Amino acid sequence: MQEKVEAQNILSMNSVEVLYDNVILAIKGVSVQVPKGEMIALLGSNGAGKSTTLKAISGLLKAERGRISRGEITFQGADITEALAQKRVEMGICHVIEGRRVFEHLTPDENLTAAAPRGMSRSTLNAEKDKIYAYFPRLAERKNSQAGYLSGGEQQMLAIGRALVTQPKLLMLDEPSLGLAPFLVEEIFGILQKINKDEGLSVLLVEQNALAALEIVSQGYLIENGRVVMHGTAEALKSNSDIQEFYLGGGETDFHNVKHYSRRKRWLS
Amino acid sequence: MDWVFLSELAINGALTGLLYSLFAIGLVLIYKASSVPNLAQGGLTMVGAYVVLALARDVGLPLWLAIPLAAVVMFGLGFGIERVALRRLAGRPVVMILMLTLGLDIFLRGTTLAIWGGTSRSMELGVSYDPLFLGDIFISRIHLVGAGVALALFVAFMLFFRTRTGIKLRAIADDYMASWSVGISVERGVGLSWALASVVAVAAGVIWGEIQGVDQALSLLLLKGLTVAVLGGLDSILGAVIAGIILGVVENVGADFLDPLVGGGSRELIVAAVLILTVMIRPHGLFGRHDIERV
Ligand SMILES: Nc1ncnc2c1ncn2[C@@H]1O[C@H](COP(=O)(O)OP(=O)(O)O)[C@@H](O)[C@H]1O
Ligand SMILES: [Mg+2]
């Protein structure tokens, strides 16, 4: 039974603890599973530990003097807890980091080229580019202008497109909706959903905008103070009173289907 | 006003300036990838010249073979520097990397002193010193050759930065974290930029070694090279080429006017003025990029 569940999860993160600078405990035993081909949301307020969780998975922690001090992460059954970031990208994990960090002095087209895996043939790269331009027609229009001068929405699209060039199996996005107008969020989330459907790409989406995220994912995790405090289906989370109160601005109670963790008081953790 | 003489000053100034550019291109390559001016570029240039001489005189190879072989050796040395020294400094303040390059420069000078001593050796490229006249204007052949090498390298790097590897290097120059996030090996990229700068150092070392002899004084080229790189914008190869020409012309023509007035030494004053004024008035140089305002 356990094995069967393992096999269906493309990513499994078990009781992972992360230390920055060897002293700052940023996440404290986070467990997150991403079933193959599904879209999962990681919700929570500022400083909760969402970005740290993604960095633990992508291996970018090292660049910030962070490390996994406990727990393990497996990707497609392989232990990647200690793997180099570059290796993880090769295995199929790509992390669209916070703040749409496109290569500003390159054109969008060059941004896509820069992300090409070593050894990808020119024709494969061009086919990838065509596919990405088809998903994001706005990018195609501006592919030869300077990326630093694109609008916020276009830069986010480029950051996602750039990640797709690495041919990921798991795409992780860190607050892609931040600072974007609602219609753009809807457009980008719509495209993500389409890519997920068309290509079976698994997605781990970090968001503060729970309302928008819960519309497109199947399950969500709520992180607070470095711990997972709630996990359930999108439907269940949407109707949960705490979520509604803190993240959606709603009211009614429905504990249906929500797996509750003890919500520790802040002074205890 | 003697126009022929003035053009002669300007043209030879421009040629000398391109030799500064030749040096400065190496600085720009490393600045792009590491955001530090490499204070060891002078040391690398000196070592480049010494390695050519070692292969040509000590081993006895012909120069046409010794120079490319030295380029290969220096390419490896550049990679090695990243591997042994720089990688350990990843994530530290940039000023620490700057100090490391200073230490490296001192180390390289000391090493060449220990191995080859301090007596100046000649390169003996075999370029003729017979005067070359362009109409009435006298031109130095070795400067002409060096300027040609500088322009050839400029074109080669412009093309290189359009290739996939070149684009990845530019991406690294833009954003380390974003580069890592898509699987670009930042370490290899930085190593490659040091390796390429070390190859440029061989070219500069051969030309400048021919002009002023091969000894530790070659490492002092850093001062003019840095001035040119700063004027050009530190991260622009085109900037380095144009700034080199500007500095060379201003220095040569300016010194001719000023030397009689101040009794010599005005070249250094002009270089100093260019460097200081650039930093004060236009810190990102002629072609350096400003960081783009976020929309
Ligand atoms: N590079 C870092 N060095 C030290 N502490 C960090 C670093 N990055 C994040 N933290 C700390 O870890 C905690 C979680 O941060 P983060 O994962 O960025 O949260 P979120 O993405 O949910 O806003 C915060 O308390 C933050 O201050
Ligand atoms: Mg964050």
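Residues numbered from 1 in each chain as written. Chains lettered and ligands numbered in written order. Predicted model: local features only at pLDDT ≥ 70, side-chain atom pairs only at ≥ 80, totals over all residues. Heavy atoms only, no water.

Named according to an unreviewed UniProt entry, chain B is Branched-chain amino acid ABC transporter permease originating from Marinibacterium profundimaris. In its Subcellular location (unreviewed entry) section, UniProt records this for chain B: "Cell membrane". The UniProt entry for chain B carries the following comment under Sequence similarities (unreviewed entry): "Belongs to the binding-protein-dependent transport system permease family. LivHM subfamily." (UniProt positions renumbered as here; feature names shortened; annotations may be inferred.)

Chain A goes by Branched-chain amino acid ABC transporter ATP-binding protein in an unreviewed UniProt entry, where it is assigned to Marinibacterium profundimaris. The UniProt entry for chain A carries the following comment under Sequence similarities (unreviewed entry): "Belongs to the ABC transporter superfamily."

Novice: What should I look at first to understand the layout of surface pockets in this one?
Specialist: A probe as big as a water molecule, rolled over the atoms, marks out the empty space that is left. In this structure, the largest pocket occupies an estimated 1,400 Å³ of space. In terms of lining residues, the largest pocket is bounded by 46 residues, among which Lys62(A), Ala63(A), Ala90(B), Trp180(B) and Glu187(B) are the most central. Counting residues per element, the lining of the largest pocket draws most heavily on helix H8 (residues 186-212) of chain B, at five residues. Partitioned by chemical class, the residues of the lining of the largest pocket number 22 nonpolar, nine polar and 15 charged. (1 Å grid on protein atoms, 1.4 Å probe; cavity = no way out; pocket = protein on both sides within 12 Å on 5 of 7 lines; lining within 4 Å. Points joined across faces, edges and corners; volume = space filled by probe spheres on them. Helix = DSSP H or I, 4+ residues; strand = E, 2+ residues; numbered from the N terminus. Nonpolar A, V, L, I, M, F, W, Y, C, P; charged D, E, K, R; others polar.)

Novice: For this particular structure, what's the right way to read the pairing of strand E3 (residues 39-43) of chain A?
Specialist: Put simply, side chains in a regular strand alternate between the two faces of the sheet. Residues and elements named next belong to chain A. Burial analysis of E3 places five of its five residues in the buried class, the great majority of the element. Covered by surrounding structure in E3 are Met-39, Ala-41 and Leu-43 together with Ile-40 and Leu-42, the residues of both alternating faces. Here E3 pairs with strand E8 (residues 202-207) via five bridges, running parallel. Across the sheet, Leu-42 pairs through a bridge with Val-206, a residue of E8. Alignment of E3 against strand E9 (residues 219-224), held across four bridges, turns out to be parallel. Bridge assignment links Ala-41 to a residue of E9, and that residue is Gly-220. (Buried < 20%, exposed > 50% of the residue type's maximum accessible area, 1.4 Å probe, protein only. Pairing = 2+ DSSP bridges.)

Novice: Help me understand the site of ligand 1, please; the structure alone is not making it clear to me.
Specialist: All names here are of chain A. The local shell around ligand 1 consists of Tyr-20, Ile-24, Ala-26, Ser-45, Asn-46, Gly-47, Ala-48, Gly-49, Lys-50, Ser-51, Thr-52 and Glu-64. Measuring from an oxygen atom of ligand 1, one finds a side-chain N or O atom of Asn-46 at 3.4 Å. Within the backbone of Gly-49, one N or O atom sits 2.9 Å away from an oxygen atom of ligand 1. Relative to its free-state accessible area of 550 Å², ligand 1 is covered by the protein chains to the extent of 71%. Listing elements by their share of the shell around ligand 1, those giving two or more residues are strand E2 (24-35) and helix H2 (50-58). Of the residues forming the shell around ligand 1, the biggest block, three residues, is contributed by H2. (Near = heavy atom within 4 Å. Polar contact = N/O pair within 3.5 Å; in protein donor to acceptor, adjacent residues only side chain to side chain. Areas by Shrake-Rupley, 256 points an atom, 1.4 Å probe, with all protein chains shown as cover.)

Novice: I would appreciate a short explanation of the nonpolar core in the present structure.
Specialist: One broad rule of soluble globular proteins: the nonpolar side chains tend to lie buried together. If you look at the biggest cluster of nonpolar residues, it comprises 143 residues, and the most contacted ones within it are Phe136(A), Leu171(A), Leu29(B) and Phe157(B). Excluding its chain neighbours within four sequence positions, the residues that come into contact with Leu171(A) are Cys94(A), Val96(A), Ile160(A), Ala163(A), Leu164(A), Leu192(A), Leu201(A), Ser202(A), Val203(A) and Leu204(A). Of all hydrophobic cores here, the second largest spans 31 residues; its members include Val30(A), Ile73(A), Ile80(A) and Tyr221(A). (Core = buried A, V, L, I, M, F, W, Y, C linked by side-chain atoms within 4.5 Å. Contact = heavy atoms within 4.5 Å.)

Novice: Help me understand the packing of helix H2 (residues 41-58) of chain B against helix H3 (residues 63-84) of chain B, please; the structure alone is not making it clear to me.
Specialist: In helix packing, the relevant descriptors are the interaxial angle and the interaxial distance, both defined with respect to the helix axes. Residues and elements named next belong to chain B. Across the interface, H2 lies against H3 with an axial gap of 8 Å and an inter-helix angle of 135°. By the criterion of interaxial angle, the relationship of H2 to H3 is oblique. The crossing of H2 and H3 is right-handed. Only Leu-63, Ala-66, Ile-67, Leu-69, Ala-70, Val-73, Met-74, Leu-77 and Ile-81 of H3 make contact with H2, whose side of the interface consists of Leu-44, Val-47, Gly-48, Val-51, Val-52, Leu-55 and Ala-56. Across the contact of H2 with H3, the residue classes tally to 15 nonpolar, one polar and no charged. (Axes fitted to C-alpha atoms, helices over the stretch in contact; angles between N-to-C directions. Parallel < 35°, antiparallel > 145°, perpendicular 65-115°, else oblique. Left-handed = near helix turned anticlockwise from the far one by under 90°.)

Novice: Is there a simple way to explain the pairing of E8(A) in this structure?
Specialist: Residue and element names in this part refer to chain A. Among the six residues in E8, six count as buried, and that is most of the element. Residues Ser-202, Leu-204 and Val-206 point to one face of E8 and Val-203, Leu-205 and Glu-207 to the other, with burial holding for every one of them. Direction of pairing for strand E7 (residues 170-174) relative to E8: parallel, over a ladder of five bridges. Directly across from Leu-170, in E8, lies its bridge partner Ser-202. Taken together, E7, helix H8 (residues 182-199) and E8 constitute a β-α-β crossover, and its handedness is right-handed. (Right-handed = clockwise from strand over helix to strand, strands pointing away.)

Novice: Just to check I follow, could you spell out the confidence of the model for chain B for this structure?
Specialist: Regions with low pLDDT carry predicted coordinates that are not meant to be interpreted in detail. Summarising the model, chain B shows a mean pLDDT of 93, and 98% of its residues fall at 70 or more. Predicted complex, confidence summary: ipTM 0.89, pTM 0.90. (pLDDT = per-residue confidence, 0-100.)

Novice: What exactly am I supposed to notice about the confidence of the model for chain A here?
Specialist: Residues and elements named next belong to chain A. Of all residues in chain A, 88% have pLDDT values of 70 or greater, and the mean over the chain is 90. The low-confidence segment residues 250-257, where pLDDT is below 50, has 18 contacts with residues more than four positions distant or belonging to other chains. Across residues 262-269, where pLDDT falls below 50, the model places 12 contacts with residues more than four positions away in sequence or in other chains.

Novice: How do you make sense of empty space enclosed by the protein when you look at a structure like this?
Specialist: Residue and element names in this part refer to chain B. Counted by the stated rule, this structure contains one cavity of 30 Å³ or more. Size it by volume and the largest cavity reaches roughly 40 Å³. Taken together, Leu-29, Lys-32, Ala-33, Phe-161, Leu-169, Arg-170, Ala-173 and Ser-193 make up the lining of the largest cavity. Looking at the lining of the largest cavity, the elements with two or more residues in it are helix H1 (3-34) and helix H6 (164-174). A per-class count over the lining of the largest cavity returns five nonpolar, one polar and two charged.

Novice: Sorry, what's going on with unusual backbone geometry here?
Specialist: A negative phi angle characterises most non-glycine residues, just as the trans form characterises most peptide bonds. Residues and elements named next belong to chain A. Positive phi, normally seen in glycine, also occurs at Asn-22, with a value near 65°. Inspection of the secondary structure assignment puts Asn-22 in the loop between strand E1 (9-20) and E2. Overall, the relative accessible area of 53% leaves Asn-22 in the exposed class.

Novice: Before we go on, may I ask you to explain the interface of chain A and chain B in this structure?
Specialist: For an interface, size is often stated in terms of accessible area lost upon the parts coming together. At the junction of the two partners, chain A supplies 35 residues and chain B supplies 26 residues. Between chain A and chain B, a total of about 2,600 Å² is buried, with carbon and sulfur atoms accounting for 56% of that surface. At the junction of chain A and chain B, the tally comes to three salt bridges. Note that Arg162(B) is salt-bridged to Glu110(A), the shortest N-O span being 3.1 Å. Along the contact surface separating chain A from chain B lie eight residue pairs in polar contact (both at pLDDT 80 or more). Split into classes, the residues belonging to the side of chain A that touches chain B amount to 16 nonpolar, 10 polar and nine charged. (Buried area = accessible area lost by both parts, 1.4 Å probe. Salt bridge = Lys/Arg side-chain N within 4 Å of Asp/Glu carboxyl O.)

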